[in-house]
Amino acid sequence: MCRCLHACVVVTLLFNAATCATAQEVPLNVPIWPALAPGESSESVGVAEPLRPNEDPPITRLVNVRKPTMDIFLPKSPNGTAILVLPGGGFGKVVPDKEGGEAAPWLNELGVTCFVLRYRTNEATPKNEPAWKRPLQDSQRALRLIRSRATEWNIDPAKVGLLAFSAGGQVGSILHTRNGKSDYSPVDAVDQLSCNPSFSLLIYPWRILDATGEKLLSDITVTAKTPPAFIVHTHDDASSSLGSVLLYAELKRKNIPAELHIYANGGHGYGMRNVKDSFIGTWPDRASDWLQLRGLTAN
């Protein structure tokens, strides 16, 4: 009887431990709007396209996102800093892993709480509306929601920043220079909080030059109130590192703390992954240094 009881206890403990480990591996997910998002009539959280057989590791591509949500990755030892991740996908898709959740282990190791936004895709976007507008609204709402639950998630509301990739980087560049201006009407008390990022990490921001290729988009306007930024691009990126260079130059002119890295090669869309014959995979190390210098991580 004693041996049986002991075995049962061991099995139970092992089952509980396995269950806890599994639960920790699956991120929390919360909707960011209390009801329908602005201008929407559907609650579709997105549909994953079939995985492509030539991709290893596989890449998730979500389409038809009408109800945006956030995946939440909590660190074991939170330091008060939070980062909202805006994935890429060209606005027709959202890539929540390669340009989203794969950043979580790195950020969590630094004590940073990570939020990956599954923002709205552009199937329902009117022709006269910029493709970035609804993702921008979702990003602003997400920043406010994070601040509204700062105590629950052990976050300092003054240390809520962005990590934005590709098309998400276009949204992030606009949001970074919005100076707190909201692009939607308030829906509840959460919208009384700031939607301005405390800082931004902009990783290969996509198409932030205007049609001439000589200037930044008119919606990207740096002022003396613009937050600090860390920017990464590659010289051989077809979306043009010139946009990142001009953004950095504007930050420099306004005396905003900023750091720019243009790698020789690596192309576009690498996310957190290494690229053969390129050093682009080292950018998270440079970003870690920058976050530490800004007092956003532990020494």
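Bear in mind that the values here come from a model prediction, so they are computed numbers and not experimental data. (Residues numbered from 1 in each chain as written. Predicted model: local features only at pLDDT ≥ 70, side-chain atom pairs only at ≥ 80, totals over all residues. Heavy atoms only, no water.)

A. The arrangement of a nonpolar patch on the surface in detail. Residues Leu242, Val245 and Ile262 make up a contiguous nonpolar surface patch of roughly 220 Å² in combined accessible area. Mapped onto the elements of the fold, Ile262 is located in strand E10 (residues 258–263). (Patch = residues over 30% accessible without salt bridge, like charges linked within 9 Å, V, L, I, M, F, W, Y side chains within 5 Å. Areas by Shrake-Rupley, 256 points an atom, 1.4 Å probe, with all protein chains shown as cover. Salt bridge = Lys/Arg side-chain N within 4 Å of Asp/Glu carboxyl O. Helix = DSSP H or I, 4+ residues; strand = E, 2+ residues; numbered from the N terminus.)

B. Quick peek at the pattern of salt bridges. On inspection of all chains with the given rule, the structure shows 19 salt bridges. The salt bridge partner of Arg134 is Glu129, with a shortest N-O separation of 2.8 Å. With its nearest N and O atoms 4.0 Å apart, the salt bridge here joins Glu250 to Lys254. Within the structure, one salt-bridge network assembled from shared partners comprises Glu40, Arg66, Arg120, Glu123, Glu129, Arg134 and Asp138.

C. Geometry of helix H3 (residues 133–148). Between its first and last C-alpha atoms H3 spans 23 Å; for 16 residues at 1.5 Å apiece the expected length is 22 Å, and the two agree. Most of H3 sits inside the fold, with 14 of its 16 residues counted as buried. (Expected span 1.5 Å × (residues − 1). Buried < 20%, exposed > 50% of the residue type's maximum accessible area, 1.4 Å probe, protein only.)

D. Structural detail: the confidence of the model for the protein. Taken as a whole, the protein shows an average pLDDT of 91; of its residues, 91% reach a score of 70 or greater. Across residues 1–24 the pLDDT falls below 50, and counting only partners more than four positions away or on other chains, this stretch makes 0 contacts in the model. (pLDDT = per-residue confidence, 0-100. Contact = heavy atoms within 4.5 Å.)

E. Geometry of the packing of H3 against helix H4 (residues 166–176). Viewed as axis vectors pointing N to C, H3 and H4 meet at an angle of 60 degrees, and their least axial separation amounts to 10 Å. With respect to H4, the element H3 is oriented oblique. The interaxial crossing formed by H3 with H4 has right-handed handedness. Contacts from Pro135, Leu136, Ser139, Gln140 and Leu143 in H3 reach Val171, Ile174 and Leu175 in H4. (Axes fitted to C-alpha atoms, helices over the stretch in contact; angles between N-to-C directions. Parallel < 35°, antiparallel > 145°, perpendicular 65-115°, else oblique. Left-handed = near helix turned anticlockwise from the far one by under 90°.)

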